[in-house]
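Working through the structure, step by step
Read off the chains here:
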Amino acid sequence: MTSTRPEATIQTRQYDVQIRVTPRPGILDPEGETIGRALGALGYEGASNVRAGRLITLRLEAPDAEAARTAATEMCERLIANPIIEDYSVQVEESPGEDSGVGGAR
């Protein structure tokens, strides 16, 4: 027996997501240390406590911003960040609808 009821469709939107990954406090950061020394050598004596990290940008399709944040957080926990040595933060904004360069070449 086949159903004649139309399947419910969930309206989704596009969200631009930024994920910042940084070394946890107390974890050695040789890249940050090298950058800090180089800045000092270039005359930027006021720069200190330099930490280097990563910025990952992507576009997600989701029913709402909270669902997009939940999906991005799960991505961080499963793949993007190493929870033993890295912290991460997730920023979600509704996409303007056109390609804003997220994930693309410049």
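Each remark here, short or long, concerns the structure printed above.
To keep things clear, this report deals only with the structure shown in the data block. This one's a predicted model, so the numbers in the text were calculated from it and none came from an experiment.

What follows covers unusual backbone geometry. With phi around 55°, Asn49 is a residue other than glycine that occupies positive phi space. Structurally, Asn49 is set in the loop between helix H1 (30-41) and strand S2 (54-62). According to the relative accessible area criterion, Asn49 is exposed, its value standing at 75%.

This next bit is on the sheet that holds S2. Note: strands within a sheet are paired through backbone hydrogen bonds, in either parallel or antiparallel orientation. Taken together, 3 strands build an open sheet; the order of strands is S2-S1-S3 and the sheet is antiparallel. Of all strands in the sheet, those bounded by a partner on one side alone are S2 and strand S3 (86-94). Averaged over all adjacent pairs, the angle separating strand axes in this sheet is 25°, with direction ignored. Note that strand S1 (residues 13-23) and S2 share 9 bridges and pair antiparallel. Each residue of the ladder has a partner; that of Ile19, found in S2, is Ile56. Relative to the sheet, helix H2 (residues 65-80) contacts S1, S2 and S3, its axis offset from that of S3 by approximately 155°.

Calculation rules
- In every chain, residue numbers begin from 1 and rise along the written sequence.
- Local features in this predicted model are restricted to residues of pLDDT 70 or higher, and side-chain atom pairs are both shown and tallied only at a pLDDT of 80 or more, whereas totals for entire chains, interfaces and linings draw on every residue.
- To get the side-chain values, all heavy atoms of the structure are used, and hydrogens and water are removed first.
- A helix here means a DSSP run of H or I that spans at least four residues, while a strand means a run of E at least two residues long, and both kinds are numbered starting from the N terminus.
- Each residue is placed in one exposure class: buried if its accessible area under a 1.4 Å probe, protein chains only, is under 20% of its type's maximum, exposed if it is over 50%, and partly exposed if it falls in between.
- Two strands make a pair as long as DSSP finds a minimum of two bridges between them.
- For helices, the fitted axis covers only the stretch in contact; all axes are lines through C-alpha atoms, and the angles between them, taken along N-to-C directions, range from 0 to 180 degrees.
- A contact between two residues is defined here by any heavy atoms of the two lying within 4.5 Å.

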